[in-house]
Amino acid sequence: MRNTRLLFAVALTASIAGLSSFNAYAQQYAAVDTTNQPLSNEVCATCHGGEGQGNPVVGGPSLAGLEPWYLRKQLENFRAGIRGSQKDYIPGNEMQASVARLSDAEIDDLVNTIAGWKVIENDHTIKGDLSNGEALYANCAACHGADGEGNEALGAPGLVERNDWYMFRQIKLFKSGYRGVHPDDTAGKLMRPSAQALKSDQDVNDVLAYINSLDR
Amino acid sequence: MKKFVSRREILGLIAKAGASGAVLQASNALGIVPDSYVDIPKIPPADPSNRPSVVVLGAGVAGLTAALELKKAGYSVVVLEAAGRAGGRNMTVRHGDLIDEVGNPQICDFDDEPHMYFNAGPARIPSSHRNVLHYCKELGVELEFFINENKETYIQDDAMLDGKPIKNREFTTNARGFMAEIMAKNFTNAELDQPFDQWEVEALMRALRRIGDLDEDMLYKGSIRGGYSHGGFLEHGHALEAVALRDLLKTDLFSMALGQNEGETGPMLFQPVGGMDQIIKGFLRKLPDEVFYNVMVTSVMLQNDGIEVVYEHKGIKYKIEADYCFNSIPTHLMTGIDNNFSADYKEAMAYPRRGEAYKSAFQAKERFWEKDDIFGGISWTNQPIEQIWYPPHGMYKEKGIILSAYNYGGGMHFTQLTQEERIETAIRQGEKVHPNYRNLVEKGITIAWHRMNHMLGCSARWQKSRSGFTQEEERLFQTLRQPAGNRHYTIGDQITKHTAWQESAILSAHWAINDMLTRKSGGAMPGQRV
Ligand SMILES: Cc1cc2nc3c(=O)[nH]c(=O)nc-3n(C[C@H](O)[C@H](O)[C@H](O)COP(=O)(O)OP(=O)(O)OC[C@H]3O[C@@H](n4cnc5c(N)ncnc54)[C@H](O)[C@@H]3O)c2cc1C
């Protein structure tokens with residue numbers, strides 16, 4: 001039988017940067033004077049998984065590996081209600097509520113912290129026809145890059161190492177007008193026609209299966 | 001055009017239901033108190049020079065139960081809790097406490113007095129929940145009675161009596177009177193084909209007369225049981241006028257008015273003196289060094305001869321190794337935590353849906369309900385707040401905490417409002433029950449359990465249909481109940497057939513300990529079969 005080594009826990013990685021930014025996030029509570037309150041500071045991970053690896057049941061996608069400029073843009077969009085504010089879209093509401101009170105400085109901190117998270121291999125959950133997917137992806141490549149590497153100038157994020165279930169939902173959201181319709185959402189509006197061009201769920205699956213094949 | 005139903009048709013409907021015993025049994029199985037007994041696991045004392053180690057994830061009722069029993073047997077125990085407090089869903093809110101709702105954190109501003117608390121999660125302990133009571137006794141948690149049903153409270157429905165609230169006693173008396181009358185009339189009917197003999201019919205008539213307070217002709221014409229319009233002590237009492245059955249039928253709250261003393265809330269109910277979390281404090285007195293706070297588990301890995309858990313504390317990661325892991329983290333959060341469980345086990349973890357629940361409370365500047373003969377109990381309304389609870393404790397003190405909304409299984413409507421809107425909604429709806437409400441309440445707090453940090457739910461929802469577990473659901477449930485690699489147990493009310501009760505959380509921990517003991521003594525091989 002193994003001896004107890006419980007209390008001699010080993011420090012694995014000391015991500016001190018992480019510490020300060022999470023505390024910064026916690027400061028949003030300052031608005032209600034939380035002096036001396038034991039604050040839990042891992043609120044993003046509650047929905048996005050330990051180290052932001054994504055949680056399909058809660059619906060929070062993986063954050064590790066997101067480009068800092070894209071991450072910042074999305075946090076600002078959620079905060080401003082440009083994304084996620086439709087009352088009948090619960091996952092968007094949940095995310096929106098989570099960041100509605102962030103200050104610019106807190107967003108800076110979060111972007112830095114998340115940059116330090118390591119990308120964990122995603123489970124591929126979608127099956128599709130790779131050759132049809134590859135043909136469809138030709139339209140996407142103009143903005144997202146031939147290898148799905150993204151294009152900052154166009155505001156198009158990289159699509160590799162992302163949760164396929166999340167991307168599936170986003171394409172549906174773009175199609176049905178839950179994303180990419182707000183007057184101030186210029187980047188989203190750029191994306192929306194491409195989503196609408198994918199006529200069936202099968203097309204969406206096929207193109208995502210191809211995008212999955214670009215992983216790793 | 002309205003279709004009228006004759007008395008005979010009503011009787012036919014009753015008889016049809018009565019004829020089908022299976023139907024009755026099915027409803028028993030759904031609504032009625034399940035069996036529970038106290039059988040604390042008998043754990044053989046550990047060899048002090050070679051103590052088995054256990055890491056418990058989550059310091060709710062299930063985790064603390066496992067930790068306490070294993071510690072008593074000499075195991076080396078550590079409890080890792082992500083929040084800054086123990087208790088999980090067992091949460092009592094007092095002056096200065098944080099409500100860590102994602103996007104809507106609040107600090108409670110109630111007056112700082114022992115009776116001024118709010119049980120934001122569990123609030124009732126049925127006397128049939130013997131294991132909860134067992135631990136209350138063992139841990140020195142003082143109990144008092146909880147009042148669930150009180151006929152002096154109100155029933156209010158916008159569709160009934162122009163939205164005017166009516167005392168539950170008045171509602172119940174009238175409803176029961178008319179129902180007894182309908183039954184009596186039909187039983188005197190010669191068409192009955194004599195299923196009962198004369199003596200039986202007379203016995204039934206006597207009972208119906210008493211149940212419904214019917215007159216000599218077996219008619220319901222009002223009853224003093226519904227309350228007096230005036231008089232009663234020095235002068236003759238005059239009954240309130242009867243309310244027509246047709247008016248009462250306008251509300252769907254019938255079963256709420258009449259049926260609260262049944263099912264799980266039928267037995268005598270208790271609450272700990274000073275708040276439900278006295279139970280948690282009792283556990284912590286026996287586990288003074290074992291529980292670690294603000295440590296968020298980020299990885300759980302089975303190994304050949306044990307389990308490795310990684311957690312994060314203040315931005316720094318730590319690793320712990322142990323022989324066994326008892327894990328009460330909600331399964332819908334475990335799916336975001338790195339692990340190497342089998343595909344089957346992962347599939348089972350991902351199945352239960354997150355439940356919703358919403359509660360809110362006010363500090364009342366004065367105990368206005370007591371002036372209305374209300375001491376404890378619940379008023380029911382058809383508005384989204386659904387319920388108003390009056391504290392059964394703190395009688396005749398200056399102030400009290402009143403529950404201003406309770407929707408178990410729903411409440412998303414409130415979640416989407418800002419804190420200010422939630423408070424205003426509770427006041428506006430409460431005003432329909434208590435006219436001067438707005439001026440009597442202050443310092444509102446609200447809790448959406450499906451948004452609480454480290455929780456995001458009220459209780460696991462295994463069943464997609466009300467008719468019970470499907471075969472597939474049963475398979476997933478059994479998969480998750482079995483230990484992963486003989487080392488990792490999922491515990492909590494989430495892995496029982498009766499979620500949303502502390503009794504279930506305790507029994508899940510007992511089940512896991514007993515299973516571990518059986519496997520140990522049966523020489524089962526550790527690790528995963530490959
Ligand atoms: C509104 C409401 C009313 C209720 N009413 C009653 C009632 O009247 N009577 C009754 O008996 N029961 C009632 N219940 C049910 C009762 O509260 C639960 O059944 C019981 O408390 C569950 O205990 P548990 O230990 O299984 O889970 P929990 O109490 O949920 O414990 C899980 C723990 O895991 C922790 N955790 C989560 N993520 C992590 C992580 N990554 N790392 C470490 N820890 C983590 C959580 O913080 C939490 O402490 C009610 C529940 C609710 C929500």
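Quick caveat: nothing in here was measured; it's all calculated off a predicted structure.

Just checking my understanding: could you explain the pairing of strand β21 (residues 377-381) of chain B for this structure?
The side chains of a regular strand alternate between the sheet's two faces. Residue and element names in this part refer to chain B. With respect to burial, β21 is a largely interior element, five of its five residues being buried. Here β21 shows no split at all, with Gly377, Ser379 and Thr381 on one side and Ile378 and Trp380 on the other all buried. Two strands pair when backbone bridges link them, and β21 and strand β22 (residues 387-390) are joined in this way by four bridges, in the antiparallel orientation. When the sheet's bridge partners are listed, Trp380 is paired in β22 with Gln387. Hairpin geometry of β21 and β22 is characterised by an intervening segment of five residues between the two adjacent antiparallel strands and by a positive phi of about 60° at Glu386.

Help me understand unusual backbone geometry in this model?
Outside of glycine, negative phi angles account for most residues, and trans bonds account for most peptide bonds. Positive phi is not limited to glycine here, since B:Lys314 has a value of about 50°. The residue B:Lys314 is located in the loop between β16 (306-313) and β17 (316-322) in this model.

Help me understand the site of the ligand in this model?
Residue and element names in this part refer to chain B. Not every one of the 36 residues close to the ligand is listed here, only the nearest: Ala62, Glu81, Arg89, Arg124 and Gln502. Between the ligand and the protein, one listed contact pairs a nitrogen atom with a backbone N or O atom of Val297 at 3.0 Å. Between the ligand and Gln502, the relevant distance is 2.9 Å, taken from an oxygen atom to a main-chain nitrogen or oxygen of the residue. Across the complex, the protein chains shield 98% of the 1,000 Å² of accessible surface that the ligand would expose by itself. Secondary-structure elements contributing two or more residues to the shell around the ligand are α3 (61-72), β15 (296-303), β23 (400-408) and α16 (502-521). Within the shell around the ligand, the residues separate by chemical class into 22 nonpolar, ten polar and four charged.

What should I look at first to understand the packing of aromatic side chains in this one?
For any pair of aromatic rings, the description consists of the separation of the ring centres together with the inter-plane angle of the planes. Residues and elements named next belong to chain B. All told, the structure shown has 23 aromatic pairs over all chains when counted by the stated rule. Each ring, one from Phe145 and one from Phe270, has its centre 5.4 Å from the other, and the planes form 35°; the classification is tilted. Of the two residues, Phe145 sits in strand β8 (residues 143-146) while Phe270 sits in strand β13 (residues 269-272), which places them 125 residues apart along the sequence. In this structure Phe145 comes out as exposed when scored by relative accessible area, which is 53%. A ring pair is formed by Trp462 and Phe477, whose centres lie 5.3 Å apart and whose planes are at 70°; its orientation type is edge-to-face. Residue Trp462 is found in the loop between β24 (441-448) and α15 (471-481), and its partner Phe477 is found in helix α15; the two are separated by 15 residues along the sequence. Given a relative accessible area of 0%, Phe477 falls into the buried group. The structure contains a cluster of three or more aromatic residues connected by ring pairs, namely Phe362, Phe368, Trp369, Tyr390 and Tyr437.

Looking at this structure, I do not really get the pattern of salt bridges. What am I missing?
Charged atoms that come close allow side chains of opposite charge to pair. Residues and elements named next belong to chain B. Scanning all chains against the criterion turns up 31 salt bridges over all chains. Of the charged contacts in the structure, one is a salt bridge between Glu138 and Lys72, with a shortest N-O distance of 2.6 Å. Placement of Glu138 in helix α4 (residues 130-138) and of Lys72 in helix α3 is noted, with a sequence separation of 66 residues between them. Under the relative-accessibility criterion, Glu138 is labelled partly exposed at 27%. Overall, Lys72 belongs to the partly exposed group, its relative accessible area being 47%. With its nearest N and O atoms 3.3 Å apart, the salt bridge here joins Glu152 to Lys167. Placement of the pair is Glu152 in the loop between β8 and β9 (154-156) and Lys167 in strand β10 (residues 166-167), with a sequence separation of 15 residues. For the pair Glu152 and Lys167, a shared accessibility class is recorded, and that class is buried.

Is there a simple way to think about the sheet that holds strand β1 (residues 53-57) of chain B in this case?
Backbone hydrogen bonds hold the strands of a sheet together, and the pairing may be parallel or antiparallel. All names here are of chain B. Strand order in the open sheet made by the five strands is β14-β2-β1-β18-β25, with parallel pairing throughout. Whereas interior strands pair on both sides, the edge strands pair on one side only; in this sheet they are β14 (291-292) and β25 (488-490). Where strand β18 (residues 324-327) and β25 come together, three bridges link them in parallel fashion. Pairing of Cys325 across the sheet is with His488, part of β25.

Just checking my understanding: could you explain α15(B) for this structure?
Residues and elements named next belong to chain B. Burial in α15 covers these residues: Glu473, Leu476, Phe477 and Leu480. In an axial view of α15, the angular spread of the buried residues amounts to 100°, which keeps them on one side of the axis. Looking at the buried side of α15, the elements it contacts are α10 (331-334), α11 (343-349) and β25.

Which parts of the structure should I look at to understand the nonpolar core?
Within soluble globular proteins, side chains that are nonpolar generally end up buried alongside one another. Residues and elements named next belong to chain B. Ranked by internal contacts, the top residues of the largest apolar core, which has 46 residues, are Val93, Phe118, Ile155, Phe171, Ile445, Ile447 and Trp449. At six residues, helix α5 (residues 168-187) tops the list of elements feeding residues into this core. If we skip the residues at most four places from it in the chain, Phe171 touches Ile155, Met160, Ile166, Leu248, Thr251, Phe254, Ala257 and Leu258. Counting residues in each nonpolar core, the second largest holds 42 residues, with Ala59, Ala62, Leu64 and Tyr489 among its members.

Sorry, what's going on with the environment of B:Ile329 here?
All names here are of chain B. Its place among the elements puts Ile329 in the loop between β18 and α10. Here Ile329 falls in the buried class, since its relative accessible area comes to 13%. With residues near it in sequence (within four places) discarded, Ile329 still touches Leu57, Val297, Met334, Ile337 and Gln494.

Before we go on, may I ask you to explain the confidence of the model for chain B in this structure?
Residue and element names in this part refer to chain B. Per-residue confidence for chain B averages 91 on the pLDDT scale, and 90% of its residues sit at or above 70. Low pLDDT (under 50) marks residues 17-32, which in the prediction has five contacts with non-local residues, meaning those over four places away or in another chain. Among the prediction metrics, the complex's ipTM stands at 0.82, with pTM recorded as 0.91.

Explain the environment of A:Gly84 to me, please; I cannot follow it from the model alone.
Residues and elements named next belong to chain A. Within the element layout of this structure, Gly84 appears in the loop between α3 (68-80) and α4 (90-99). Classification of Gly84 by relative accessible area gives buried; the value is 4%. Put simply, Gly84 and Arg179 are 95 residues apart on the chain and 7.9 Å apart in space, counted from C-alpha to C-alpha. Ignoring anything within four residues of it in the chain, the contact list for Gly84 reads Phe78, Gly92, Asn93 and Gln96.

What is the right way to read the packing of α4(B) against α16(B) from this model?
Any two packed helices are characterised by how steeply their axes cross, that is the angle between the axes, and by the distance between the axes. Residue and element names in this part refer to chain B. The interhelical angle for the contact between α4 and α16, taken along N-to-C directions, is 85°, at an axis separation of 8 Å. Taken together, the axes of α4 and α16 lie roughly perpendicular to each other. Across the interface between the two elements, Arg130, Asn131, Val132 and Tyr135 from α4 touch Gln502, Glu503, Ile506, Leu507 and His510 from α16. Looking at the contact of α4 with α16 residue by residue, the classes come out as four nonpolar, three polar and two charged.

Analysis parameters
All residue numbers refer to positions counted from 1 along the written sequence of the respective chain. Here every chain gets a letter starting at A, and every ligand a number starting at 1, in the order they are written. Per-residue local features of the predicted model are confined to residues with pLDDT of at least 70, and side-chain atom pairs are confined, for both listing and counting, to 80 or more; whole-chain, interface and lining totals are unaffected and use all residues. To obtain the side-chain values, all non-hydrogen atoms of the structure were used and water was disregarded. Between buried and exposed lies partly exposed: a residue is buried under 20% and exposed over 50% of the maximum accessible area for its type, with that area taken using a 1.4 Å probe on protein chains only. Where helices and strands are cited, they refer to DSSP runs of H or I of at least four residues and of E of at least two residues respectively, numbered from the N terminus. A strand pair is defined by DSSP finding two or more bridges across the two strands. A cutoff of 4 Å decides nearness: a residue is near a molecule or strand if any of its heavy atoms lies inside that distance of it. Under this definition, polar contacts are N or O atom pairs within 3.5 Å; protein pairs additionally need one hydrogen-donor-capable and one acceptor-capable atom, and for neighbouring residues in sequence, both atoms have to be side-chain atoms. Reported accessibility uses the Shrake-Rupley method at a 1.4 Å probe radius. Residues are deemed covered only where the shown protein chains occlude them. Three classes are used: nonpolar for Ala, Val, Leu, Ile, Met, Phe, Trp, Tyr, Cys and Pro, charged for Asp, Glu, Lys and Arg, and polar for all others, with Gly counted as polar. Only Phe, Tyr and Trp rings are paired, with Trp represented by its six-membered ring, and only when their centres lie within 6.5 Å; those with planes under 30 degrees apart are stacked, over 60 edge-to-face, the remainder tilted. Any Lys or Arg side-chain nitrogen located within 4 Å of an Asp or Glu carboxyl oxygen qualifies as a salt bridge. What the arc describes is the spread of directions from the helix axis to the C-beta atoms. Contacts are assigned to residue pairs that have any heavy atoms within 4.5 Å of one another. Remark: nonpolar core denotes a set of buried residues (Ala, Val, Leu, Ile, Met, Phe, Trp, Tyr, Cys) joined through side-chain atoms within 4.5 Å. One confidence number per residue, pLDDT, is output by the predictor and ranges from 0 to 100. Convention adopted: a line fitted to C-alpha atoms gives each axis, helices being fitted over their contacting stretch, and angles between N-to-C directions are expressed from 0 to 180 degrees. Put simply, angles under 35 degrees are roughly parallel, angles over 145 are roughly antiparallel, angles from 65 to 115 are roughly perpendicular, and the rest are oblique.

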